[in-house]
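# A closer look at the structure
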Amino acid sequence: MNGTGVDLWTMERQDGVDDFSGYFVINSTTGVISGTPAQPLPFHSYIVYAENDGGIVQFNISIEILLDTDSDGVADVIDDFDNEPTQTTDTDSDGYGDNLSGVLGDVCPSEWGNSSQDRFGCIDTDGDGWSDEGDDFAEISSQWFDFDNDGYGDNQTEGAEMIDWFIDNPTQWNDTD
């Protein structure tokens, strides 16, 4: 092939198949291979032809189309969330995705965390669901908020520790008489 421009791009599978409809197409002018396959395609070798007035050049390529269940453009084999299109990676492996604006976005993506109430994926020392940063009682699992800042928690459920019976009065927390 002489010259620098390609007049025509074509492609065929090495076993002779040249119908790739439903998978991808080769642009005969630019040579760009594109498409949005509806299903996986096993690994195949293809011959690509570039042609101009000076002749034809061919080269071999291999293509495999992998399953992408949630259609987010990331193959399931490398997608940490293959059924959630707003998430693809979980760097710290805590179950919350690195895309903060996606479903269950990890606020602390580089640090494993189990918080699930105020922020997803941050450290929760006492395991109550509230991140240590958002938990007024990071070491007491039955308390997490203190509205009046008196040092006693607002959770008044049975079995809770350090209960504030007067949650909006910073001078009182219990009435013993």
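See the structure above.
Here is a short report on the structure shown in this document. (Residues numbered from 1 in each chain as written. Predicted model: local features only at pLDDT ≥ 70, side-chain atom pairs only at ≥ 80, totals over all residues. Heavy atoms only, no water.)

A separate point is the pattern of salt bridges. One pass over the structure, following the stated rule, counts 2 salt bridges. Here Arg13 and Asp15 are joined by a salt bridge, their closest N and O atoms 2.9 Å apart. For Glu133, the salt bridge is made with Arg119, and the minimal N-O distance between the two is 3.6 Å. Placement of Glu133 in the segment after strand S5 (55-65) and of Arg119 in the segment after S5 is noted, with a sequence separation of 14 residues between them. On the basis of relative accessible area, Glu133 is assigned to the exposed category, the value being 68%. (Salt bridge = Lys/Arg side-chain N within 4 Å of Asp/Glu carboxyl O. Helix = DSSP H or I, 4+ residues; strand = E, 2+ residues; numbered from the N terminus. Buried < 20%, exposed > 50% of the residue type's maximum accessible area, 1.4 Å probe, protein only.)

A few words now on the state of the cysteines. Counting across every chain of the model gives 1 disulfide. Between Cys108 and Cys122 runs a disulfide, and the two sulfur atoms are separated by 2.1 Å. On the sign convention where negative means left-handed, the S-S torsion of about 90° between Cys108 and Cys122 marks this disulfide as right-handed. Residue Cys108 is found in the segment after S5, and its partner Cys122 is found in the segment after S5; the two are separated by 14 residues along the sequence. (Disulfide = S-S within 2.5 Å.)

A few words now on the sheet that holds strand S4 (residues 41-52). As summarised here, the arrangement of the 3 strands in space is S1-S4-S5, forming an open sheet in which the pairing is antiparallel. Lying at the two open borders of the sheet, with one neighbouring strand each, are strand S1 (8-13) and S5. Strand-to-strand twist across the sheet, computed as the mean angle between neighbouring axes with direction ignored, equals 25°. Bridge analysis of S4 against S5 gives 10 bridges, and the strand direction is antiparallel. Considered in S5, the bridge of Ala50 is made with Val57. (Pairing = 2+ DSSP bridges. Axes fitted to C-alpha atoms, helices over the stretch in contact; angles between N-to-C directions.)

Moving on to the pairing of S4. Judged from the 6 bridges that link them, S1 and S4 form a sheet pairing that is antiparallel. When the sheet's bridge partners are listed, Thr10 is paired in S4 with Tyr49. Joining the antiparallel neighbours S4 and S5 is a turn of 2 residues.

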